[in-house]
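Each chain, written out:
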Amino acid sequence: TRPVTLSKLQKMKQEQEKFTCLTSYDATFTGTMNAANIETILIGDSLGMVVQGQDSTLPVSIEDMCYHIAAVKRGNDNAFLLADMPFMSYSKPEQALDNAAKLMQAGAHMVKLEGGSWLKDTVSLLTERGIPVCAHLGLTPQAVHKLGGYKVQGKDEETAALLLKESLELEAAGADILLYECIPTELGKTLTQAVAIPTIGIGAGPHTDGQVLVMHDMLGVTQGRKPRFVKNFLTDGRSIQEAFEAYSNEVKSGTFPAPEHGF
Ligand code: KIV
Ligand code: NA
């Protein structure tokens, strides 16, 4: 099957066709996601939590990311692969370029960085050098200790306006995708309509162009308290592939996320 590319995702946005994203960290689940036609796969630094058992994403290194990107790449047929730049691996533009190059050489098709306006120069530098960038805004888990927990962002007018301003600045700097985590549903809609590039949401309502979930969460194997935006798709006697397919069907038909998954 034809590889999913950025142009395909842009076309899907224009045609108002939703696309799916799931996290994967190894070859086997990646192959199962391919079989379920999941368009994009995120090698997320959430691997620190769901694979390594850390209590945040902060301990994840570039080497950890490259190991998992390489495994996903070997198992991947046609999905578009996004990979997270880990904590403090992009605090300066030149450093970001060197580290992004490592992720791209390991097999990523795009790198994802958490942050707003301060990322502008980094986004332009990577873009100039031919590295596609996804900017992650809203709840940025690498800043959890500064944010004071995993909290919904952009709830008041002022922070919502700031998110809009930062989104437009990052788009102008060359970002190709914007990812929003834990923002009000209405804001997810406003931001998605404000930019020409595709948006992906997690806890951002049904109006973003794409949806993402951590695989372990949507298979219901994550222990402990679950965030409101999580839904277990491994129900009704489904196989794992069927759970991925159910997720895809619900995203494409607009049934997931439902109002109860949003803010
Ligand atoms: O690391 C990750 O899995 C992520 C998603 C939750 C968006 O960044
Ligand atoms: Na992440």
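Keep in mind it's a predicted model, so treat the numbers as computed, not measured.

Participant: Explain the packing of helix H2 (residues 27-35) against helix H11 (residues 240-253) to me, and be specific about the residues and the numbers.
Facilitator: Viewed as axis vectors pointing N to C, H2 and H11 meet at an angle of 50°, and their least axial separation amounts to 9 Å. Looking at the two axes, H2 sits oblique to H11. Relative to H11, H2 is oriented so that their crossing is right-handed. Along the contact surface, H2 presents Thr32, Met33 and Ala35, while H11 presents Ile240, Gln241 and Phe244. Here the contact of H2 with H11 is built from residues that sort into four nonpolar, two polar and no charged.

Participant: Go over the site of ligand 1, please, and point to the residues and values.
Facilitator: Surrounding ligand 1, one finds Thr23, Leu42, Gly44, Asp45, Ser46, Asp84, Leu179, Glu181, Ile202, Val212 and Val214. Tallied by class, residues from the shell around ligand 1 come to five nonpolar, three polar and three charged.

Participant: For the packing of helix H6 (residues 120-128) against helix H8 (residues 157-173), give the residues involved together with the corresponding values.
Facilitator: Here H6 crosses H8 at 25°, and the two axes come no closer than 8 Å. Comparing the axis directions of H6 and H8 gives the class roughly parallel. Classified by chirality, the crossing of H8 by H6 is right-handed. Of the residues in H8, those touching H6 at Lys120, Val123 and Ser124 are Glu169, Leu170 and Ala173.

Participant: Break down unusual backbone geometry for me, citing the residues and quoting the values.
Facilitator: With an omega dihedral of -5°, the bond running from phenylalanine 256 to proline 257 counts as a cis peptide bond. Along the chain, proline 257 falls in the segment after H11. Despite not being glycine, glutamine 16 has its phi angle at roughly 55°, a positive value. Considering the arrangement of structural elements, one finds glutamine 16 in the loop between helix H1 (6-14) and strand S1 (19-23).

Participant: With reference to specific residues and values, describe helix H5 (residues 93-106).
Facilitator: In this model H5 runs 20 Å from its N-terminal to its C-terminal C-alpha over 14 residues, within 8% of the 20 Å that 1.5 Å per residue would give. For H5, the set of buried residues is Ala96, Asn99, Ala100, Leu103, Met104 and Ala106. Buried residues of H5, seen end-on, are gathered within an arc of 155° and therefore sit on one face of the element. Of the exposed residues in H5, the ones pointing more than 90 degrees away from its buried face are Glu94 and Gln105. For H5, the elements touching its buried residues are helix H4 (62-75), strand S3 (80-84), strand S4 (110-114) and H6. Glycine 107 sits one or two residues past H5 and shows a positive phi near 135°.

Participant: Report on the UniProt feature "binding site: 3-methyl-2-oxobutanoate" (unreviewed entry) in the chain, specifying residues and quantitative values.
Facilitator: UniProt records the feature "binding site: 3-methyl-2-oxobutanoate" (unreviewed entry) for Asp45, Ser46, Asp84 and Lys112 in the present numbering. Across 68 residues in sequence, these annotated residues keep their C-alpha atoms within 12.5 Å of one another, forming a single compact spot. The residue aspartate 45 is located in the loop between strand S2 (40-43) and helix H3 (47-50) in this model. Judged by the 28 C-beta atoms lying within 10 Å of it, aspartate 45 is buried. Aspartate 45 has contacts with Thr57, Val60, Met65, Asp84 and Pro86, leaving out every residue within four places of it along the chain. You can see aspartate 84 is positioned in strand S3. The contact partners of aspartate 84, leaving out residues within four places of it in the chain, are Ile43, Gly44, Asp45, Met65 and Lys112.

Participant: Describe the confidence of the model for the chain, with residues and values.
Facilitator: With 100% of its residues at a pLDDT of at least 70, the chain reaches an overall mean of 98. Interface confidence for the predicted complex, given as ipTM, is 0.99, next to a pTM of 0.98.

Parameters and conventions
Residues numbered from 1 in each chain as written. Chains lettered and ligands numbered in written order. Predicted model: local features only at pLDDT ≥ 70, side-chain atom pairs only at ≥ 80, totals over all residues. Axes fitted to C-alpha atoms, helices over the stretch in contact; angles between N-to-C directions. Helix = DSSP H or I, 4+ residues; strand = E, 2+ residues; numbered from the N terminus. Parallel < 35°, antiparallel > 145°, perpendicular 65-115°, else oblique. Left-handed = near helix turned anticlockwise from the far one by under 90°. Contact = placed C-beta atoms within 7 Å. Nonpolar A, V, L, I, M, F, W, Y, C, P; charged D, E, K, R; others polar. Near = placed C-beta within 6 Å. Expected span 1.5 Å × (residues − 1). Buried ≥ 20, exposed ≤ 12 C-beta atoms within 10 Å, placed from the backbone. Arc of directions from axis to C-beta. UniProt positions renumbered as here; feature names shortened; annotations may be inferred. pLDDT = per-residue confidence, 0-100.

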